Every structure is written in C-alpha cells, then in structure tokens.
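If you want the building blocks of each chain, they are given just below.
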Amino acid sequence: MTKPYVYITRKLPDDVVDSFREKLNINMWDSAEESVPYKKLLEESKKAEGLVTMLSDPIDETILSQTDTLKVVANLAVGFDNIDIESAKKHRITVTNTPDVLTDTTADLTFALLMTTARRILEAADMVKKGEWEHWSPLLLAGSDIHHKTIGIVGMGRIGEVVAKRARGFDMNVIYHNRTRKQKAEEELGLNYVSFDQLISSADFVVSLVPLTDETHHLFNANVFSHMKDEAIFINASRGKVMDEMALYEAVKSGEIRGAGLDVFEDEPISADHPLLTLKEVTCLPHIGSASLETRYQMMELSLNNILQVLEGNGPMTAVD
Ligand code: DGY
C-alpha cells in the first residue's frame, strides 16, 4: 500500500520525523529558519494529503481551494490565525493545533517577560557585559516591584490560568477579563473578574493573552494605553496584531505608561529600524513563547500524530473547533 504523502513546511529534526516515516511518505522544506516560499507551499498542497505548517505560513483560500488531495493541516502552534478556518471547513480539511503541551512553557515565558521588563534585567545585564558598571548607587537601575502588585490578564484561556498561578506565587492580586467567566479558576486561584475598562485602569501589569480575531485586532490602541496607569507595564505574549505598535511606542515614549514586554509583533520578524526597538523600557523577544526543547519536540510529535490519526481514518487528537 502506498504511504500518504505529507509535506512539512520547515526542516524539523530527523529524530522526530524519522519515527513517522514507516507510515508516512514525508518531505520537508530544506530550511529550519527560512519560510517555504508561497509558490512552493501551493505546489506541495496540491499533492499532499497532510501538511505540517508553521504560524508564519499563510494557509488561505487559494491553497485550500486548489487542492483535491489535502485532508489535514497540522499547525505547529496553539494559535491558528494564519489559517483560513472557514475556508478549511468549506473544503472539509481538518485543522489541528498544539494546545496543552505548550501551556506551562508559554506561561513561564510570559512571566519571565514581565519580570525582565519590571526589573530592567536586560539593561542591567548589558551594562555589566559592556563594562559600564562603574558604581553601586541607590537608584541604579531601580525598576518596579512585582510582588503584591495587580496583574490584569486579558484572555483567560489555558495559558492565562497558568500565568495567574505563577502570579499568585508572587503574592500578586490577579484580575482578569475574558469573553466568558471562569468560575472554577476564580475559586481555585482567587481571581477577580472585571470589565476590560476596569482592568486597563487598575492593573500595574496588563498582560495580553487574547487570540487574534477581528474583534481583538488593535484591541490595545492609543485610547486604551491612555487609560492605563502611568506606571503600568504592558506585556504581549499572544499575537502582535492585537496591539497598535506605533500607539504603544508613543505611549511609552511619552511616559503615558512605564514600559512593555513583547514576544510578538505586528510583522514578524520586526524590522531592525522599528522605533519600538529604540526604547530601553521595551523588552523585545523573537516569538519564543513555547520555545523550550522539551515543548517544541512535543509540539512536533503532536502535529505528526494528528496527521497520522486523520490519515488513518481516526479522529484528530487536537482539532481546531
Ligand atoms: C503559539 O503556539 O501560538 C505560540 O505563539 C508559539 O510560540
């Protein structure tokens, strides 16, 4: 029996992929760093039964409508805003993502970003490494406290709950806003549900964990930043397009808010001459929320298992609803 053809849009480690070769005929794009060109993606999707895709691959109506072979797209991420879900439904193509396996790791990074920004860790480390540490002084690199402050989490999904748990460990007051209330988490973690406006105006740390949708596009805009406390720090570990980057730049530069910690950007990679990169109060990371070795390996295995399950006629393990 011929094995189903599966295309992976980045070079993944052989030790993960090889264990699936017995059942799947797998081909990969030959770079781990560079995205597959759109033309090649389109060409491959016309002959593959399964695609493993990255969050940087646009899986749009053109791709989904021009294939007679494709049955499943496994996105190597929990977010799936790069995929036209309506179109996939229309063409009866299953879409899967990688929830759960990355929850703790992404929550760790979100909290690390908060701590790094609040305590000015990058500025401090840079000073030492550049040989610029000349004196101890009473206010040298004095940042903001984290303990006993109020963290406001916008988007209380799986990752939000674990960030809340981390925050409780630091004696923080946790408030949140979400489309639906999370009674169980409220009881178990001592969270308080508030309106979006209340959260924005009372949190010391405003943390975005909302997915990118039409409603959340530029949710964090000039008006919202202007209602935050002067000492507020904005953290974004979800998707870049939920914030208006230039409005954030203006808010930090003018002192309307104290700083920001960003793992995501409107366009990724962010261009080296972007004004946000000039601000010492803004910590910028290259979208590494789920990037621990353990978690990335689990995400790759889960994606390939999802493909295998669907192509063997079983239900997917983690389908996007
Ligand atoms: C995801 O899985 O959506 C994350 O953004 C990847 O780090």
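Just so we're clear, the structure is a prediction, and the values are computed from it rather than from any experiment. (Residues numbered from 1 in each chain as written. Predicted model: local features only at pLDDT ≥ 70, side-chain atom pairs only at ≥ 80, totals over all residues.)

## With respect to the UniProt feature "domain: D-isomer specific 2-hydroxyacid dehydrogenase catalytic" (unreviewed entry) in the protein chain
Convention followed: UniProt positions are given in the numbering used here, feature names are shortened, and annotations may be inferred rather than shown by experiment. Numbered from the N terminus, helices here are DSSP runs of H or I no shorter than four residues, and strands are runs of E no shorter than two.
In this numbering, the UniProt entry assigns the feature "domain: D-isomer specific 2-hydroxyacid dehydrogenase catalytic" (unreviewed entry) to residues 6-320. End C-alpha to end C-alpha, residues 6-320 measures 19 Å, and it is 34% helix and 14% strand.

## Re the pairing of strand β3 (residues 50-53)
The test is simple: The exposure scheme places C-beta atoms from the backbone and then counts, for each residue, the other C-beta atoms within 10 Å of its own, assigning buried at 20 or more, exposed at 12 or fewer, and partly exposed in between. By the convention used here, strands pair only if DSSP detects at least 2 bridges between them.
Going residue by residue along β3, you find Gly 50 and Val 52 tucked away on one face and Leu 51 and Thr 53 tucked away on the opposite face as well. Bridge count between strand β1 (residues 5-8) and β3: 3 bridges; the pairing is parallel. Among the inter-strand pairings, Tyr 7 is bridged to a residue of β3, identified as Leu 51. Pairing of β3 with strand β4 (residues 72-75), which is carried by 4 bridges, proceeds in the parallel orientation. Bridge pairing in β4 links Val 52 to Ala 74.

## As for the site of the ligand
The line we're drawing: By definition, a residue lies near a molecule or strand when the C-beta atom built from its backbone is within 6 Å of it. Only Asp, Glu, Lys and Arg are considered charged in this grouping, and only Ala, Val, Leu, Ile, Met, Phe, Trp, Tyr, Cys and Pro are considered nonpolar; every other residue, Gly among them, is considered polar.
Leu 55, Ala 77, Val 78, Gly 79, Leu 102, His 287, Gly 289 and Ser 290 make up every residue found near the ligand. Here the shell around the ligand is built from residues that sort into 4 nonpolar, 4 polar and no charged.

## A few points about the environment of Ala 112
Checked against the element boundaries, Ala 112 lands in helix α5 (residues 103-118). The spacing of Ala 112 and Ile 235 is 123 residues in sequence and 10 Å in space, taken between C-alpha atoms.

## Points about the pairing of strand β6 (residues 150-154)
Selection rule: For a crossover, the right-handed case is the one in which the path from the first strand over the helix to the second runs clockwise, viewed with the strands pointing away from the viewer.
Burial of β6 is extensive: 4 of the 5 residues sit out of reach of the surface. In terms of strand pairing, β6 meets strand β7 (residues 173-177) through 5 bridges, oriented parallel. Residue Gly 152 lies in a different strand from β7, and its bridge partner there is Ile 175. In this view, the connection linking β6 to its parallel neighbour β7 by way of helix α7 (residues 158-169) has right-handed handedness. Two strands pair when backbone bridges link them, and β6 and strand β9 (residues 205-208) are joined in this way by 4 bridges, in the parallel orientation. The partner of Ile 151 across the bridge, within β9, is Phe 205.

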